[in-house]
Amino acid sequence: MLPPSPGAVLLAALLAGAAQAAEPPLVPRCAATARFDLAAESPEGALSVCVSADEPTTFVFDSLLPPGAVEMLPDNRSIGVAQGDDFVTVNPRRGFLPGERVKVTVRFADGAAPASVTFWLVGHGGLKSAR
């Protein structure tokens, strides 16, 4: 059997590279951690937080929240929200798919900096809570 020509090897390498480049990442880029510390100086862009369908996630703040402090864009019904004096619980429903993104802004009542925080809820199929 003859060895493959350099052109055939190059073509195979290019095709394999193109196939890998076309594949979306398996896991969305988002933070899966128990704690986020926010500072008065906002980082570039909003933080992305991993959430999974039917798994509630609670954000606890050291500032009071006024009534109606939570705004979600796009305005959809795939995420339930409960707000307390200093916390927000989001509960993505079954229709919230991996890779789906919802922008959330929470306003604070005390007038201290920052006046609000914005982050993205990113659907993640691999997270499950320990029950």
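How each quantity is defined
- Residues numbered from 1 in each chain as written.
- Predicted model: local features only at pLDDT ≥ 70, side-chain atom pairs only at ≥ 80, totals over all residues.
- Heavy atoms only, no water.
- Phe/Tyr/Trp six-rings, centres within 6.5 Å; stacked < 30°, edge-to-face > 60°.
- Helix = DSSP H or I, 4+ residues; strand = E, 2+ residues; numbered from the N terminus.
- Buried < 20%, exposed > 50% of the residue type's maximum accessible area, 1.4 Å probe, protein only.
- Lys NZ or Arg CZ within 6 Å of the ring centre and 35° of its normal.
- Contact = heavy atoms within 4.5 Å.
- Patch = residues over 30% accessible without salt bridge, like charges linked within 9 Å, V, L, I, M, F, W, Y side chains within 5 Å.
- Areas by Shrake-Rupley, 256 points an atom, 1.4 Å probe, with all protein chains shown as cover.
- Salt bridge = Lys/Arg side-chain N within 4 Å of Asp/Glu carboxyl O.
- Lys, Arg positive; Asp, Glu negative; His and termini not counted.
- Charge placed at Lys NZ, Arg CZ, Asp CG, Glu CD.

1. Some points on the packing of aromatic side chains
Here's step 1: In the structure shown here, the tally under the stated rule is 2 aromatic pairs.
Here's step 2: Between Phe59 and Phe119 the ring centres are 4.6 Å apart and the planes differ by 35°, which places this aromatic pair in the tilted class. Placement of the pair is Phe59 in strand S2 (residues 57-60) and Phe119 in strand S7 (residues 116-123), with a sequence separation of 60 residues.
Here's step 3: Its relative accessible area of 6% is what places Phe119 among the buried residues.
Here's step 4: Where Phe61 meets Phe108, the ring centres are 5.3 Å apart and the plane angle is 65°; that geometry is what we call edge-to-face. Within this pair, whereas Phe61 is found in the loop between S2 and strand S3 (70-73), its partner Phe108 is found in the loop between strand S6 (101-107) and S7, the two being separated by 47 residues in sequence. Take Phe61 and Phe108: they sit in the same class, and that class is buried.
Here's step 5: Across from the ring centre of Trp120, 4.7 Å away, lies the NZ or CZ of Arg101, which sits over that ring.

2. Digging into the environment of Val106
Here's step 1: Along the chain, Val106 turns up in strand S6.
Here's step 2: We classify Val106 as buried; its relative accessible area is 1%.
Here's step 3: In this structure Val106 touches Phe61, Leu65, Ala69, Val70, Val88, Ala115, Ser116, Val117 and Phe119, once residues within four positions along its chain are discounted.

3. Quick look at a negative patch on the surface
Here's step 1: A grouping of Asp62, Asp85, Asp86 and Asp110 is seen on the molecular surface, where their side chains present a negatively charged patch.
Here's step 2: Position of Asp85 relative to the elements: it lies in the loop between strand S4 (79-83) and strand S5 (87-92).

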